[in-house]
Amino acid sequence: MAPPAPAIADASPARRHRPGHVAIVETIQSTYVQLAGAGERRRALDLILDWAERRSPASAITDLLVPSLVDIGRLWQSGAWSVAQEHVATGVTDFVLAVLANRYPVKATQGGSIAVVCAEGEWHSVAAHLVAELLRLSGWQVETLGGSTPHADLRAYLGAIRTVAVATHCSMTSNLPGLLGTIEVAHRCGVPVIAGGRAVTAERATRLGADAWASGTDITTVSDRLAQWSKEPPHVF
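Notes on the structure in this doc start here. (Residues numbered from 1 in each chain as written. Predicted model: local features only at pLDDT ≥ 70, side-chain atom pairs only at ≥ 80, totals over all residues. Heavy atoms only, no water.)

1. Description of the packing of helix α2 (residues 41–54) against helix α4 (residues 83–103)
The N-to-C vectors of α2 and α4 enclose an angle of 45°; their axes lie 10 Å apart at closest approach. In terms of orientation, α2 and α4 fall into the oblique class. As for how α2 packs across α4, the hand of that crossing is right-handed. Of the residues in α4, those touching α2 at Arg 41, Ala 44, Leu 45, Ile 48, Leu 49, Ala 52 and Glu 53 are Val 92, Phe 95, Val 96, Val 99, Leu 100 and Arg 103. Of the residues that constitute the contact of α2 with α4, the class distribution is 10 nonpolar, no polar and 3 charged. (Axes fitted to C-alpha atoms, helices over the stretch in contact; angles between N-to-C directions. Helix = DSSP H or I, 4+ residues; strand = E, 2+ residues; numbered from the N terminus. Parallel < 35°, antiparallel > 145°, perpendicular 65-115°, else oblique. Left-handed = near helix turned anticlockwise from the far one by under 90°. Contact = heavy atoms within 4.5 Å. Nonpolar A, V, L, I, M, F, W, Y, C, P; charged D, E, K, R; others polar.)

2. Comments concerning the environment of Ala 119
The residue Ala 119 is located in the loop between β2 (113–118) and α5 (126–137) in this model. The exposure class of Ala 119 is buried, given its relative accessible area of 0%. Sequence-wise, Ala 119 and Leu 180 are 61 residues apart; in three dimensions their C-alpha atoms are separated by 8.1 Å. Each residue touching Ala 119, except ones within four places of it in the same chain, is listed here: Ser 148, Thr 149, Thr 168, His 169, Cys 170, Asn 175, Gly 178, Leu 179 and Thr 182. (Buried < 20%, exposed > 50% of the residue type's maximum accessible area, 1.4 Å probe, protein only.)

3. Looking at helix α7 (residues 176–188)
The terminal C-alpha atoms of α7, which comprises 13 residues, lie 18 Å apart, in line with the 18 Å expected from a rise of 1.5 Å per residue. For α7, the full list of buried residues reads Leu 176, Gly 178, Leu 179, Gly 181, Thr 182, Ile 183, Val 185, Ala 186 and His 187. Residues of α7 that are buried sit in contact with β2, α6 (151–160), β4 (163–169), β5 (193–196) and α8 (202–208). Positive backbone phi, approximately 80°, marks Gly 190, located one or two places after α7. (Expected span 1.5 Å × (residues − 1).)

4. Overview of α6
If you check which residues of α6 are buried, you get His 151, Leu 154, Tyr 157 and Leu 158. Relative to the axis of α6, the buried residues are bounded by an arc of 120° and lie together on one face. Opposite the buried face of α6, at more than 90 degrees from it, the exposed residues are Ala 156, Gly 159 and Ala 160. At its buried positions, α6 is contacted by β2, β3 (141–146), β4 and α7. (Arc of directions from axis to C-beta.)

5. Let's talk about the pattern of salt bridges
Within the structure shown, the criterion is met by 4 salt bridges. Glu 133 is the salt-bridge partner of Arg 136, the closest N and O atoms lying 2.4 Å from each other. Here the residue Arg 136 and the residue Glu 133 both occupy positions in helix α5, the gap between them amounting to 3 residues, near one helical turn. Glu 133 gets classed as buried once you look at its relative accessible area, which sits at 5%. (Salt bridge = Lys/Arg side-chain N within 4 Å of Asp/Glu carboxyl O.)

6. Points about the pairing of β3
Looking at chain direction, β2 and β3 are connected through 5 bridges and run parallel. Of the residues in β3, the one forming a bridge with Val 117 is Gly 146. (Pairing = 2+ DSSP bridges.)

7. Digging into the packing of aromatic side chains
Counted by the stated rule, this structure contains 0 aromatic pairs. Lying over the aromatic face of Phe 95, Arg 41 brings its terminal NZ or CZ to 4.4 Å of the ring centre. (Phe/Tyr/Trp six-rings, centres within 6.5 Å; stacked < 30°, edge-to-face > 60°. Lys NZ or Arg CZ within 6 Å of the ring centre and 35° of its normal.)

8. Some words on the pairing of β2
Within β2, 6 of the 6 residues are buried, which leaves it mostly tucked inside the rest of the structure. Pairing of β2 with β4 involves 6 bridges; the strand directions are parallel. Note that in β4 the partner of Ala 115 across the bridge is Val 166.

9. A few points about the side chain of Ser 113
Structurally, Ser 113 is set in strand β2. On the accessibility criterion, Ser 113 (3% relative accessible area) is buried.

10. A few points about unusual backbone geometry
A positive phi angle, close to 45°, is found at Ser 148, a residue other than glycine. Tracing the backbone through its elements, the reader meets Ser 148 in the loop between β3 and α6. Using a relative accessible area of 11% as the deciding quantity, one classes Ser 148 as buried.

11. Details of the nonpolar core
Core analysis: the largest hydrophobic core is formed by 49 residues, its most contacted members being Ile 61, Leu 65, Leu 100, Ile 114, Leu 135 and Leu 226. Apart from residues no more than four positions distant in its own chain, Ile 114 is found in contact with Leu 135, Trp 140, Gln 141, Val 142, Glu 143, Thr 163, Val 164, Ala 165, Ala 167 and Leu 226. Formed by 22 residues, the second largest nonpolar core is a distinct cluster that contains Ala 115, Cys 170, Ile 183 and Ala 195. (Core = buried A, V, L, I, M, F, W, Y, C linked by side-chain atoms within 4.5 Å.)

Written out as structure tokens, the structure reads:
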């Protein structure tokens, strides 16, 4: 039996703050969700940029955007929002992330590149975009390959670019077979895999052969593991 994939990120950012701070954060989150759902991208952006200036761009992502996306998903699942409205909100979030990347350039200080991909069949790519931006802010060169990355294309990419790791996302259990294929392709190219997403538990990550399981947004721990892999790549098969 394969050893369990180590959990490298399981912290919830809201739990680290004082009660009064949490109340403020939750109010801003709620406002952002309303603005994003209404397609008010400029006002939503201003809200996030104000927080990024007061705190940090990483805090704007982990404390505001991540939990806001969870709320957006719940609104869709409950039927309170249509698919169209959910897509509008995630589109606004992609826009906000793009502006943050442009507003806060960071020189790559880590060795090697990280490929952030969605499992084949997985089109919910905004969470992968969030992870990619957090890794970029941590000093990594990050290439985002987008939603439902075909296995053949991933194989060609990894064969051409020195890659420290593949960070793969899967939010729907129906796409776990696609995730398995993503992991197998990366391993055949000698590249370790961090698997995460709503559909990926620690047990599933282990059974699918991932080298590590990411849960939550403690990107410092993720970055530390990637730095270790950059110096001493794990054995993959």
